[in-house]
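Secondary and tertiary structure notes
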Amino acid sequence: MSDYTSDEMMTVAAARALTDGVVCFVGIGLPSTAANLARRTHAPGVVMIYESGALGAKPGWLPLSIGDGVLADTADSVVSVPEVFNYWLQPGRIDVGFLGAAQIDRFGNINTTVIGDYADPKVRLPGAGGAPEIAASCGEVIVIVRQSARAFVDRVDFVTSFGYGRGPGERARYGMRGGGPRKVITDLGVLEPDPATAELTLTRLHPGVTAEQARAATGWDLAASPGLTTEPAPTEAELTALRELKEAGTANV
Amino acid sequence: MSDYTSDEMMTVAAARALTDGVVCFVGIGLPSTAANLARRTHAPGVVMIYESGALGAKPGWLPLSIGDGVLADTADSVVSVPEVFNYWLQPGRIDVGFLGAAQIDRFGNINTTVIGDYADPKVRLPGAGGAPEIAASCGEVIVIVRQSARAFVDRVDFVTSFGYGRGPGERARYGMRGGGPRKVITDLGVLEPDPATAELTLTRLHPGVTAEQARAATGWDLAASPGLTTEPAPTEAELTALRELKEAGTANV
Amino acid sequence: MELDAAVAALVNDGDTVALEGFTHLIPVAAGHEVIRQGRRGLTLVRMTPDIVYDQMIGAGCARKLVFSWGGNPGVGSLHRFRDAIEHGWPGPLEIEEHSHAGMANRYAAGASGLPFAVLRGYLGTDLPRHTPNIKTVTCPFTGEELAAVPALNPDVTIIHAQCADRDGNVQMWGLTGIQKEAALAARRCLVTVEEIVDRLEPRPGAVVLPSWAVTAVAAAPGGARPSYADGYYDRDNAAYQAWDAVARDRDAFTTWLGDEVMGVRA
Amino acid sequence: MELDAAVAALVNDGDTVALEGFTHLIPVAAGHEVIRQGRRGLTLVRMTPDIVYDQMIGAGCARKLVFSWGGNPGVGSLHRFRDAIEHGWPGPLEIEEHSHAGMANRYAAGASGLPFAVLRGYLGTDLPRHTPNIKTVTCPFTGEELAAVPALNPDVTIIHAQCADRDGNVQMWGLTGIQKEAALAARRCLVTVEEIVDRLEPRPGAVVLPSWAVTAVAAAPGGARPSYADGYYDRDNAAYQAWDAVARDRDAFTTWLGDEVMGVRA
């Protein structure tokens, strides 16, 4: 078993969260890397939807942006941006929404808009993009984000994408079609919403990581699930596929 | 000057009503024949829009239906039916709407739905199609219809497409973008709305037709405009172009 | 999947069924199979019901018709449709009537998972007086009043396309009308195709429906006749003209139905 | 038409201007010409403002930005955009923020001549608290409450396409994003193209804008660099990465602006 980085472990764990054949709305960056890895390992039938209009894209390398030409060239169909959101995302046709985050809170709400006050921000982030409707309309949401006390907060400064609000039942009250965040995959482990409270709790640790490390990297009092397990280390096959994917990406950047 | 039929005269007069370069939403049948004739004579730059999705169609022969393949094959662009109505017709991009009619009344309202009572019709007609929105949204409307007391009535049994309602100002009250019927071209002559009353009045007679004949073929007391003139007979060029167009059509039926 | 099996699996008595096609790619073979299987009480939906709907109505499949233009293009009336409305033969036919713009937006709303659509439509016409589900909505920004129509979500939509690959991805080109919206708006979608191919070749103007958005694909070569399939065969205009005489007479129609539909296999 | 003449004729101080392009076909050359001509007080509209908007904001063209995602794709922040919002340099920048779905529907409503659009959007987010023109509308059929956003109708939309013919018909292919809607929603529309050709060849995935729907066409070979033009050149990813260092520093940016924009001709 060769060495691997915590980012590689995170990406592999995220890829494993995608079951074969699901239709996945993919954000750029870590989500795109994980979805492409899944297609190259256990889930060749994953259908990737990019908000730029590529339905069923099969890029041979990692696109740097959501609209790289390779996405259109390899797609089953290329549609307009209004069509992606209105005909494909909004009706709930997409099984999994794969999102990143700058801040995420104990109820899985995501902030990609501002750190600090909206009118006078400490840090101005890119903003919403497609995330608010992805979070509301996909069958379920998987979040991939590096874990730190700065990023994992009790309450996000700005709700860009709704998770469970302040607890159970809120999604239903909004009439949301999607089920919300099912897994938050980090460089330390995996968090999942508690079935009763909807609060994110630690369900898996990556090899060599302790619950204490995870708690220290969380801005709220992180509960560990009774069934806390360890995520298996990346296999040789997974690492090889991931590294090939990245090299191909760099080669094409 | 060779002989010509009253239908040929009607079609030629309708073609003449199209100025070169206008964008024209074309219904099938007489409107399509007239618009195609205009493109082959004085107005080669007329842009024909068909509701089937063909923008800028240039058929080499008369299509029998609104969706004949020749329309797509010769179009500048083929779009979906929702796009034709939403992006192209509704915003008022089309200069002229070219419509037929089963019944038309003194204020240019058109009926293509039912003769008699809607619930218990004497004759059930095809219905609205694209006409209600063509009549509302095009810059102006030209109607081509054979004149008879049965077709030209004081009040239509059913308003399928709005003309001037019961008089001036009603279109404005509905906030309609288009100007309404500018010319009604028949096998006897041409009717135009009176600027003051919006009532259709006789402004032109085809050669050899008398005002009395026109009045006899009208179900209301048809007023003749003081400036009543005679429409010039079809030229050899117009007749030749029209007959070639029809032969080509038959050849392809 | 075989056409007869697909229709049996997807179309039930009482369903709301849309067979779409705007002159081009009309799913005639599928419509005849619905007649053969004796479906009853259907609400038939289509912007431009033409002779295949005339046949289904004459055969007694339909309880209601939702439409915007019902005619034999370039020929004249649909006589079975008229006989049903004017004389209730073979049974009464309820109608719900819209404009093309209204119907197109109803399908688009259905495909978009919205409950209604907004348009500048029906202004000054008598349609809203006879079609209860044409209402109005007020713009929350300008206060302007606009027409509103409810989304259309058929139980089943059936369309005909040129081809599909072995994974069930569907490709159509030429005038594709309202078919994408009708397919995406439906709970179940059956696509009949001219042929199943190994690989879909990119083509100008092609619309592709991914396999995961389609319930079933059935090969039905010539399945759009007498309408046409761009790249496969032309429109049989003579057949549309010949239909007029058949449809005018109940006996002639009944004979035609036995010989041309009930008497043949899918 | 020449690019400089077209921009001079179509873009005025204080206009609402949309330069659209979703990673592909971004009208960078036109944006630089707007900077060169010293336009001020613009309301810049774009779903995905990237480095050309960073440059226009840094150059002081913009009073307000209407957007849904502002970043350097695959690299990080737009530092001129952040400097304007966080520190008001070179001047204060008002922002109006939406989601992609909201912006896409605002353009579509604008292209459709409707005053507003309806969507299932912004649910549970803080965006409506900060963006006053996100409202709600109630379905007149189901009573369901949905999000409503006002139509976007820019004074000018500028897009870049692969080619146009001599009559001014425009053709683009590949990822065409929101460009058709943005062009049709605008009062005036300028299209820059890689080349003017004798005849547009039909192509898979091509979108054609007829000449009568376009105000002006200007040849601008390479006009989308450092973004890409499918069939002409690839995305210069290194340039996007290099921009980060330039944009981080006001002096470096000012030098870049003089050398790379003000110092060159269209």
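Let me begin by describing the structure that accompanies this report.

Conventions we followed
- Residues numbered from 1 in each chain as written.
- Chains lettered and ligands numbered in written order.
- Predicted model: local features only at pLDDT ≥ 70, side-chain atom pairs only at ≥ 80, totals over all residues.
- Heavy atoms only, no water.
- Helix = DSSP H or I, 4+ residues; strand = E, 2+ residues; numbered from the N terminus.
- Rg over C-alpha atoms; globule rule 2.2 N^0.38 Å.
- Buried < 20%, exposed > 50% of the residue type's maximum accessible area, 1.4 Å probe, protein only.
- Contact = heavy atoms within 4.5 Å.
- Areas by Shrake-Rupley, 256 points an atom, 1.4 Å probe, with all protein chains shown as cover.
- Lys, Arg positive; Asp, Glu negative; His and termini not counted.
- Charge placed at Lys NZ, Arg CZ, Asp CG, Glu CD.
- Pairing = 2+ DSSP bridges.
- Salt bridge = Lys/Arg side-chain N within 4 Å of Asp/Glu carboxyl O.
- Buried area = accessible area lost by both parts, 1.4 Å probe.
- Polar contact = N/O pair within 3.5 Å; in protein donor to acceptor, adjacent residues only side chain to side chain.

Helix and strand counts for chain A stand at eight helices and 15 strands. Taking 18 Å as the expected radius of gyration for a compact globule of 253 residues, we find that chain A reaches 17 Å, a close match to that expectation. For the C-alpha atoms alone, the extent of chain A along its principal axes is close to 45 × 45 × 35 Å. Buried residues in chain A amount to 62% of all 253 residues. Sequence-distant contacts in chain A: of pairs separated by 6 or more residues, those separated by 24 or more amount to 65%. Surface accessibility of chain A: about 8700 Å² in total, with carbon and sulfur atoms responsible for 53%. Of the charged side chains in chain A, 21 are positive and 29 negative; the average position of the first set lies 3 Å away from that of the second.

A few words on the pairing of strand β5 (residues 116–119) of chain C. Residues and elements named next belong to chain C. Burial of the side chains of β5 extends over both faces: F116 and V118 are buried on one face and A117 and L119 on the other. Judged from the four bridges that link them, β5 and strand β7 (residues 145–150) form a sheet pairing that is antiparallel. From the neighbouring strand, F116 faces β7, where its bridge partner is P150.

Residue and element names in this part refer to chain B. The strand order β7-β6-β11 describes an open sheet built from three strands, whose pairing is mixed. This sheet does not close on itself; its edge strands, each paired only once, are β7 (110–111) and β11 (152–153). Here strand β6 (residues 103–105) pairs with β7 via two bridges, running antiparallel. Of the residues in β7, the one forming a bridge with I104 is I110.

Here the focus is the pattern of salt bridges. The final tally for this structure, using the stated rule, is 62 salt bridges over all chains. The residue R63(C) makes a salt bridge to E94(C) at a minimum N-O spacing of 3.0 Å. One end of the pair, R63(C), is in strand β3 (residues 62–67); the other, E94(C), is in strand β4 (residues 94–97), with 31 residues separating them in the sequence. For R63(C), a relative accessible area of 41% translates into the label partly exposed. Overall, E94(C) belongs to the partly exposed group, its relative accessible area being 41%. Between E94(D) and K64(D) there is a salt bridge whose closest N-O contact spans 3.8 Å. Of the two residues, E94(D) sits in strand β4 (residues 94–97) while K64(D) sits in strand β3 (residues 62–67), which places them 30 residues apart along the sequence.

To continue, consider the interface of chain C and chain B. Across the boundary between the two partners, chain C contributes 42 residues, which contact 42 residues of chain B. When the buried area of chain C at its contact with chain B is split by residue, R120(C), L123(C) and L175(C) rank highest and sum to 18% of it. The tally of links from chain C across to chain B stands at one salt bridge. Two residues, E97(C) and R124(B), come together in a salt bridge whose shortest N-O distance is 2.3 Å. At the junction of chain C with chain B, the criterion picks out 15 residue pairs in polar contact (both at pLDDT 80 or more). Among the secondary structure elements, those contributing two or more residues to the side of chain C that touches chain B are α4 (79–87), β4, α5 (100–111), α6 (127–130) and α8 (237–248) of chain C.

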